[in-house]
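Here are the chains, one letter per residue:
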Amino acid sequence: MARKHIKYQGGFEAEKFPYKSLRGFLGDMEERKELAHIIEEIDTRYEVGAIARKVGMSFERGPGIYYHNLKEFSDWTLVTNVINTYSRLFRALGTTKEKVFDDFTEKAEKITSSNQDSYYEIVKDGDFEQIDLRDNDIDITRLPIPLWSESDGGRYITTGLTMCLNPETGRQNMSITRLMVQGPRQTGILITPAQDIGKNYLAHKKKKKNMALAIAIGADPLMYIVSQINAPRDISEFSYWGAIAGEKAQMVKCKMSDLLVPKRAEIVLEGEVPIDEFHSEGPFGEFPGFYSGIRKLNVFKIHRLAMKEDAIYQGMAIGKDPNEANFITSWGTDLSVMKHARRYFSEITAVRSISAVGLTTVVAIDHNKAYPGLSKQAGHFIWACPQLAKAAKNIIVVDDTVDIYSEYDILWALGSYVQGNKDISIVEGTPGVIIDPSEPWGMGYIEEDKTLQTTTTTIIDATPKYGIFSEGYKRGIVDSPKEIKRKVEEKWSHWGIDLSLIHISEPTRPLSISYAVFCLKKKK
């Protein structure tokens, strides 16, 4: 695979919102000192995954990591942890923590099936077309695709923006699917029947036609975020890019199909999913933090590989939270849920998938609109919300005086406001997730002729209760005066105190008498 070897020396041209490329975002990160460089040789077998996970576990989830020297891939560079912090995610969306849901809902509501084409444009050439390989000249095993986790069955592409068409409407779907390398020109692909890609595949199968597929790797951060939005089936996800950015998304038509891919992607794979060919796939370290099983899955046959001469490979670690892949997926879900809630349940002010892409979800309600029973009603609304796709198993309801982005605040609310016999609701027989590790049927794979078993949804009401008697409680939550807090905030940068450099070796325990965690020793 002939390609120009250009050693990264810095100097990416920084972009500001709307970011149009991975490189432009990396340039912005570098200006902000958010991009760390590893110069020594790093192995794509497990070592990249270990580094990405360690960064993800750090305070504020750490910097992006740029790998300059890859063992066995000396002509490549690789980047991870690009969109794994709130500050970078809000920059990619062009908003703030306080306005993110209102801004998204306002812009997303303007998109309809009839006007979606006005939010993107088709341009002639893609930046990724400097190298163009076909069929037998393709060898994806020469791309620095990491082997992420100890028991993974192989190397996995985890950043592939996956494009496919609904053959009945012509509408294009964009998502992220896991792609296991199975040879120079083939990957396995997980196609879930409940998702749009699965519905499109079944529609192709009925027509007895293979499904065209395109994979874009190394796109701008907003494109990755909108790929996780639960869009109506007649609207393409990349239309949301245009609505959020305030300008048209630039897309390029593929050479081998009518599919569109981002103009500034680093790498693009084109091919098809045969309707009658399957191959063993797995195990793979999945979003709940455990490995999925092995079964026969569809395959992706690659007929074209196009890329920049100095293409950067982008990867995302996945598995036990926190990690970049779960973070992006959760935010796509949260934005979709809040768009739905704004229309049908206005008392909900925020939602956060706090763990395992929604298996634990925190929802905030407006304390000014609170009335008896509202919190439980909100909890039931969330687990029944179609945008969560059956993933909301444990739901914690707080009011908007609690910062749902702070685990300390959430634990404080649980310790302060919850009585087990009054504030926990159990709903049995709710739809489950096929890789739920808490169920005996979880993490393996069910046979095609069996239906998915049900699970139990738990709603915890962690909102303030009425009729508090003590005078101290009536004075409110302990805090500094708002005016003083504002002054401190204004002076903070002048003082030069960098919170990212403050490492907490042992968490404080403000709720030690009311909330406890025990570790049980496993029997040998």
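Residues numbered from 1 in each chain as written. Predicted model: local features only at pLDDT ≥ 70, side-chain atom pairs only at ≥ 80, totals over all residues. Heavy atoms only, no water.

1. Thoughts on the overall build of the chain
Here comes step 1: Within the chain, the regular secondary structure consists of 13 helices and 22 strands.
Here comes step 2: A buried classification covers 53% of the 524 residues belonging to the chain.
Here comes step 3: By sequence separation, contacts in the chain at least 24 residues apart represent 72% of the contacts at least 6 residues apart. (Helix = DSSP H or I, 4+ residues; strand = E, 2+ residues; numbered from the N terminus. Buried < 20%, exposed > 50% of the residue type's maximum accessible area, 1.4 Å probe, protein only. Contact = heavy atoms within 4.5 Å.)

2. What about the confidence of the model for the chain?
Here comes step 1: On average, residues of the chain carry a pLDDT of 87, and 86% of them reach 70 or more.
Here comes step 2: With pLDDT under 50 throughout, residues 443–450 is counted as low confidence; its partners more than four residues away or in other chains account for 22 contacts.
Here comes step 3: The model gives residues 501–520 a pLDDT under 50, and that stretch makes 12 contacts with residues more than four places away or in other chains. (pLDDT = per-residue confidence, 0-100.)

3. Section: a nonpolar patch on the surface
Here comes step 1: Side chains of Ile484, Val488, Trp495 and Ile497 sit close together on the surface and give an oily, nonpolar patch of about 340 Å² of accessible area.
Here comes step 2: Along the chain, Ile497 turns up in the segment after helix H13 (482–495). (Patch = residues over 30% accessible without salt bridge, like charges linked within 9 Å, V, L, I, M, F, W, Y side chains within 5 Å. Areas by Shrake-Rupley, 256 points an atom, 1.4 Å probe, with all protein chains shown as cover. Salt bridge = Lys/Arg side-chain N within 4 Å of Asp/Glu carboxyl O.)

4. Observations concerning helix H5 (residues 196–206)
In an α-helix, one turn spans 3.6 residues, which is why side chains three or four residues apart end up on the same side.
Here comes step 1: Buried residues of H5: Asp196, Ile197, Gly198, Asn200, Tyr201, Ala203 and His204, and no others.
Here comes step 2: Immediately downstream of H5, the backbone of Lys208 shows phi near 60°, a positive value.

5. Considerations on a negative patch on the surface
Here comes step 1: Taken together, the side chains of Glu40, Glu41, Glu47 and Glu72 define an acidic patch exposed on the protein surface.
Here comes step 2: Mapped onto the fold, Glu41 is located in strand S1 (residues 35–42). (Lys, Arg positive; Asp, Glu negative; His and termini not counted. Charge placed at Lys NZ, Arg CZ, Asp CG, Glu CD.)

6. Topic: the sheet that holds S1
Here comes step 1: Strand order in the open sheet formed by four strands is S1-S2-S3-S17, with mixed pairing between adjacent strands. Looking along the sheet, the strands with just one partner apiece sit at the ends: S1 and strand S17 (312–314). Mean inter-strand twist for the sheet, computed between neighbouring axes without regard to direction, equals 25°.
Here comes step 2: Across three bridges, the pairing between strand S3 (residues 77–80) and S17 is parallel. Each bridged residue has a counterpart across the sheet, and for Thr77 the counterpart in S17 is Ile312. (Pairing = 2+ DSSP bridges. Axes fitted to C-alpha atoms, helices over the stretch in contact; angles between N-to-C directions.)

7. Re the nonpolar core
Here comes step 1: Leu26, Trp331, Ile348 and Ile382 are the most contacted members of the largest nonpolar core, which totals 140 residues.
Here comes step 2: In terms of residue count, the dominant contributor to this core is helix H8 (residues 324–344) (eight residues).
Here comes step 3: Ignoring anything within four residues of it in the chain, the contact list for Leu26 reads Phe12, Leu35, Tyr66, Val79, Val82 and Ile312.
Here comes step 4: Counting six residues, the second largest nonpolar core, distinct from the first, contains Leu359, Ala391, Val433 and Ile435. (Core = buried A, V, L, I, M, F, W, Y, C linked by side-chain atoms within 4.5 Å.)

8. Digging into the pairing of strand S8 (residues 172–176)
Moving residue by residue along a regular strand, the side chains alternate between the two faces of the sheet.
Here comes step 1: Of all five residues making up S8, four are buried, and the element is well covered by its neighbours.
Here comes step 2: Between strand S7 (residues 161–165) and S8, which pair antiparallel one after the other, the connecting turn spans six residues, and Gly170 there sits at a positive phi close to 80°.

9. Thoughts on the sheet that holds strand S21 (residues 424–431)
Here comes step 1: Sheet architecture is open: five strands sit in the order S18-S19-S20-S22-S21, paired in mixed fashion. Two strands bound the open sheet, and with one partner strand each, they are strand S18 (348–355) and S21. Each strand of the sheet is rotated relative to its neighbour by a mean of 20°, with strand direction disregarded.
Here comes step 2: In this structure, strand S19 (residues 360–365) lies alongside strand S20 (residues 394–399), joined through six bridges in parallel fashion. Across the sheet, Thr361 pairs through a bridge with Ile395, a residue of S20.
Here comes step 3: Contacting S18, S19, S20, S21 and strand S22 (454–461), helix H9 (residues 374–384) runs over the sheet at an angle of about 150° to S22.

10. Describing the packing of aromatic side chains
Here comes step 1: A full pass over the atoms with the stated rule returns 15 aromatic pairs.
Here comes step 2: An angle of 75° between the planes, with centres 5.3 Å apart, marks the rings of Tyr86 and Phe327 as edge-to-face. Of this pair, Tyr86 sits in helix H3 (residues 86–93) while Phe327 sits in helix H8, and the two are 241 residues apart along the sequence.
Here comes step 3: Ring plane angle 80° and centroid distance 6.4 Å describe the contact between Tyr86 and Trp331, whose orientation is recorded as edge-to-face. Of the two residues, Tyr86 is situated in helix H3 and Trp331 in helix H8; the sequence distance between them amounts to 245 residues. Per residue, the accessibility class of Tyr86 equals that of Trp331, and both read buried. (Phe/Tyr/Trp six-rings, centres within 6.5 Å; stacked < 30°, edge-to-face > 60°.)

11. Observations regarding unusual backbone geometry
Here comes step 1: Here the bond from Gly282 into Pro283 is cis, since omega is -5°, no more than 30 degrees from zero.
Here comes step 2: As for its placement among the helices and strands, Pro283 is situated in the loop between strand S15 (278–281) and strand S16 (295–307).
Here comes step 3: Cis peptide bonds are those with omega within 30 degrees of zero, and the linkage from Asp321 to Pro322 qualifies with -5°.
Here comes step 4: Positive phi, close to 75°, is recorded for Tyr46, a residue that is not glycine.
Here comes step 5: Looking at where Tyr46 falls in the secondary structure, it is placed in the loop between S1 and helix H2 (47–57).

12. Re the pattern of salt bridges
Here comes step 1: On inspection of all chains with the given rule, the structure shows 29 salt bridges.
Here comes step 2: For Glu129, the salt bridge goes to Lys255, with nearest N and O atoms at 3.7 Å. Here Lys255 lies in the loop between strand S12 (249–253) and strand S13 (260–262) and Glu129 lies in the loop between strand S4 (120–123) and strand S5 (131–134), a separation of 126 residues in the sequence.
Here comes step 3: Since its relative accessible area comes to 19%, Glu129 is described here as buried.
Here comes step 4: Linking Arg486 and Glu490 is a salt bridge whose minimum nitrogen-to-oxygen distance equals 2.3 Å. Of the two residues, Arg486 and Glu490 are both situated in helix H13; the distance of four residues between them amounts to about one turn of the helix.
Here comes step 5: On the basis of relative accessibility, which here comes to 38%, the residue Arg486 falls in the partly exposed class.
Here comes step 6: For Glu490, a relative accessible area of 52% puts it in the exposed group.
Here comes step 7: Through salt bridges that share partners, Lys16, Asp28, Glu31, Arg32, Glu34, Arg88 and Arg91 make up one connected network.

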